[in-house]
Amino acid sequence: MKPRCWVVLPAAGAGRRMGTSIPKQYLTVLGRTVLEHTLSIFTDRVDIAGIAVALASDDPYWPELQIPGKERFLTLTGGDDRMISVRNALHALSAMALPDDWVLVHDAARPCLREEDLSRLIETLYDDPVGGILATPLRDTLKRQASDARHIIEATIDRDGLWLAQTPQMFRLGALSMALNKALELGWKITDEASAMERWGASPHIVRGHADNLKITHAEDLPLAEFLLSTRT
Ligand SMILES: Nc1ccn([C@@H]2O[C@H](COP(=O)(O)OP(=O)(O)OP(=O)(O)O)[C@@H](O)[C@H]2O)c(=O)n1
Ligand SMILES: C[C@](O)(CO)[C@H](O)COP(=O)(O)O
């Protein structure tokens with residue numbers, strides 16, 4: 001059987017940096033929640049075998065969402081940080097997916113992912129042994145602030161060869177599960193799937209995406225996401 005592609009949507013965060021009473025994945029943009037916009041990127045794709053959504057244990061919003069085909073989604077309880085939520089989703093998926101299947105981990109807070117970038121990621125990596133991520137090249141000068149936390153420049157970091165990692169991050173289910181379980185066991189600080197794979201010695205590929213695949217993180221990101229989504233057909 002050809003490896004299938006599954007999607008994991010970590011959607012169990014509290015959205016603290018957003019400063020809203022509702023977690024940012026449930027904020028409304030153009031009449032739908034951020035999570036519904038993100039789900040809609042994947043739900044009609046014939047190359048996606050299934051979607052696992054990691055939810056907070058006390059999430060009161062998911063049951064109220066009216067999403068076509070909602071019953072097809074696998075929902076599971078996330079964890080105290082994103083890595084645990086992803087690990088839990090991989091464990092849940094292992095009941096129906098094979099170790100050699102692909103998993104595309106995509107932040108629920110990234111509703112502006114372009115279909116063309118998703119397709120390019122899958123097409124570029126589908127026959128690769130390792131996998132990789134969408135990313136964009138750094139285009140601003142990078143500064144490190146002084147360690148005393150004052151907003152004083154301590155150094156300028158050479159930006160050649162530096163990329164901003166995005167999601168989806170696409171890896172084989174078995175390899176990623178092993179890498180994340182090891183990371184948790186060893187207490188590694190992991191903020192994306194690729195860094196867990198790198199710690200295992202893998203060399204994930206970079207597939208260039210678009211800067212408008214923004215992660216809604218701070219208040220100013222919401223109107224930008226609304227504008228971007230309003231320009232999509
Ligand atoms: N314990 C967590 C933390 C985050 N996420 C998800 O991971 C994605 C990216 O994480 P981030 O932007 O950091 O979201 P939050 O953790 O909610 O934001 P904050 O750090 O501001 O609280 C989001 O879709 C978020 O819902 C998750 O599933 N489980
Ligand atoms: C996975 C990610 O979106 C890649 O840039 C990012 O690391 C998530 O970080 P966060 O602090 O959990 O938002």
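Residues numbered from 1 in each chain as written. Chains lettered and ligands numbered in written order. Predicted model: local features only at pLDDT ≥ 70, side-chain atom pairs only at ≥ 80, totals over all residues. Heavy atoms only, no water.

### Details of the UniProt feature "site: Transition state stabilizer" (unreviewed entry) in the chain
Stage number 1. Mapped onto the present numbering, the UniProt feature "site: Transition state stabilizer" (unreviewed entry) falls on Arg17 and Lys24.
Stage number 2. Here Arg17 shows up in the loop between strand E1 (5-11) and strand E2 (28-29).
Stage number 3. The exposure class assigned to Arg17 is exposed, which follows from its relative accessible area of 55%.
Stage number 4. Residues contacting Arg17, with those up to four places away along its chain left out, are Lys215, Thr217 and His218.
Stage number 5. Mapped onto the secondary structure, Lys24 falls in the loop between E1 and E2.
Stage number 6. With sequence-adjacent residues up to four places away left out, Lys24 is seen in contact with Gly15, Met18, Val34, Ala109, Lys215, Ile216 and Thr217. (UniProt positions renumbered as here; feature names shortened; annotations may be inferred. Helix = DSSP H or I, 4+ residues; strand = E, 2+ residues; numbered from the N terminus. Buried < 20%, exposed > 50% of the residue type's maximum accessible area, 1.4 Å probe, protein only. Contact = heavy atoms within 4.5 Å.)

### Quick notes on the site of ligand 2
Stage number 1. Taken together, Arg17, Arg82, Asp107, Arg110, Ala165, Thr167, Thr191, Asp192 and Lys215 form the complete shell of residues around ligand 2.
Stage number 2. Taking Arg110, its side chain carries an N or O atom lying 2.9 Å from an oxygen atom of ligand 2.
Stage number 3. Here Lys215 contributes a side-chain N or O atom positioned 2.6 Å from an oxygen atom of ligand 2.
Stage number 4. For ligand 2, whose free accessible area comes to 360 Å², the fraction covered by protein is 75%.
Stage number 5. Looking at side-chain class alone, the shell around ligand 2 contains one nonpolar, two polar and six charged residues. (Near = heavy atom within 4 Å. Polar contact = N/O pair within 3.5 Å; in protein donor to acceptor, adjacent residues only side chain to side chain. Areas by Shrake-Rupley, 256 points an atom, 1.4 Å probe, with all protein chains shown as cover. Nonpolar A, V, L, I, M, F, W, Y, C, P; charged D, E, K, R; others polar.)

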